[in-house]
Amino acid sequence: MVDWSSSMTHTYEYYIVDPNTWADVKRVDTVKSCTINRDDGADTKGSATFDIVNSLGECYIRVYLITIQNGLTEKHPLGTFLVQTPSSSFDGKTRTVSMDAYTPLIELKESQPPIGYYIPKRTNILDISYQLIRENARAPVIKTGGSTISSDHFIADTSDTWLSFISDYISNHIYNSTDWVSGEQVTIEHACKYTLGLDELGRIIFLPKQDASALRPVWTYNDDNSSILYPDVSMTHDLYGIPNVVEVVYSKGSDSYYSKVVNDDPNSPTSIVARGREIPYRVTDPDLSGNPTQSQIDDYAERLLSELSTLEYTISYTHGYCPVRLGDCVRLNYERAGIKNVKAKVISQSIKCEPGCPVSEKAVFTTKLWR
């Protein structure tokens, strides 16, 4: 087991991958440089670039970080990418072919569902999604369990790709479960909250959507003597658009209700007192079932203002490689920068395959500004 906070030797190996078996079949010795980008905001979750001596044509390449520490050599996969779009240059001595590369999710983005395709209600959302990915991409898929039986049909739009269709289905579609309340069996609606991801071997996985506050940190970045953090760190946030007044208007049939909640807390940086003006947010179609009462409308307005009074911070930093993925929660203790015991979720990484294997990383965390 590698101690990532101690010194070691880094090298890299590259292999062509058989898309049918997903196994390494041939080592590539002519790669001059490589950069891997992991991005939670990208539909394919990332990309890579390779500079190589000779063009390889279209193929999957797997990248390994090789560590040598205390006489022990270990191989760590960093990702598997489909190389395409070559361009070349010549410096008078050697020729370099630059190739863009894409994650295995690109295969789901390149094809579309048939016109009129739909998934019928009373279908297990995760099971059918697993099946559709297996049918439309060559990368292995890791199956996840769960009783997520859809409550309605899900119809593909004519502009959908398999990637957008499946991603929307597993992240938003409604499913039902039953429970006992006061001695009666009732049906409870839930929204399926999953997203597609990739592991280090390039296999497609299902990841549950969770707030960083609900996650357990998989890694702690300290600034002590064994720190793998580089000295530069930056943090940004934006108060723009955060309201300090919420109005809810409900009208249905003979029922009509109005509720207004105001943030006038002088200790809140977004309150009317602190900002010197009202920043309103109005809802005319509140997401409420049944026939709500005035009290329920009031509660809804208060919850909504509390949810909207959340400030997101983005921290950018660089560190030596350690096994942290997109979506993982990390703890940051960079006391010299005033960052203490902050739990944040990783949203992007740029890994340079060079000595030291530096990883430029971004993570986000939120703070409540009102109640």
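Each value, and the rule that gives it
Residues numbered from 1 in each chain as written. Predicted model: local features only at pLDDT ≥ 70, side-chain atom pairs only at ≥ 80, totals over all residues. Heavy atoms only, no water. 1 Å grid on protein atoms, 1.4 Å probe; cavity = no way out; pocket = protein on both sides within 12 Å on 5 of 7 lines; lining within 4 Å. Points joined across faces, edges and corners; volume = space filled by probe spheres on them. Helix = DSSP H or I, 4+ residues; strand = E, 2+ residues; numbered from the N terminus. Nonpolar A, V, L, I, M, F, W, Y, C, P; charged D, E, K, R; others polar. Phe/Tyr/Trp six-rings, centres within 6.5 Å; stacked < 30°, edge-to-face > 60°. Buried < 20%, exposed > 50% of the residue type's maximum accessible area, 1.4 Å probe, protein only.

J.: It is not clear to me how the layout of surface pockets should be interpreted in this structure. Could you clarify?
T.: Where empty space is left becomes clear once a probe the size of a water molecule has been rolled over the atoms. By volume, the largest pocket is sized at about 1000 Å³. Looking at the largest pocket, it is lined by 45 residues, and the ones nearest its centre are D40, Q210, G327, D328 and K345. Contributions of two or more residues to the lining of the largest pocket are made by β3 (31–39), β4 (46–52), β6 (72–90), β13 (194–198), β14 (204–208), β20 (310–320), β22 (339–352) and β23 (358–368). Per-element accounting of the lining of the largest pocket gives the leading share, 5 residues, to β23. Looking at the lining of the largest pocket residue by residue, the class counts come to 16 nonpolar, 15 polar and 14 charged. The volume enclosed by the second largest pocket comes to roughly 180 Å³. Every residue along the wall of the second largest pocket is listed here: M1, V2, W4, E74, K75, H76, P77, E200, Y321, P323, R325 and D328. Across the lining of the second largest pocket, the residue classes break down as 6 nonpolar, 1 polar and 5 charged.

J.: Quick question: what am I supposed to make of the packing of aromatic side chains here?
T.: Two aromatic rings, taken as a pair, are described by how far apart their centres are and by the angle between their planes. With the rule as written, the count across this model stands at 13 aromatic pairs. A ring pair is formed by F165 and Y169, whose centres lie 6.4 Å apart and whose planes are at 5°; its orientation type is stacked. Here the residue F165 and the residue Y169 both occupy positions in helix α3 (residues 162–172), the gap between them amounting to 4 residues, near one helical turn. The class of Y169 is buried, set by a relative accessible area of 1%. Ring centres 6.3 Å apart and planes at 25° place the aromatic pair Y250 and Y257 in the stacked group. Residue class for Y250 comes out buried when judged on its relative accessible area of 8%. An aromatic cluster of three or more residues is present, and its members are Y117, F154, W162, F165 and Y169.

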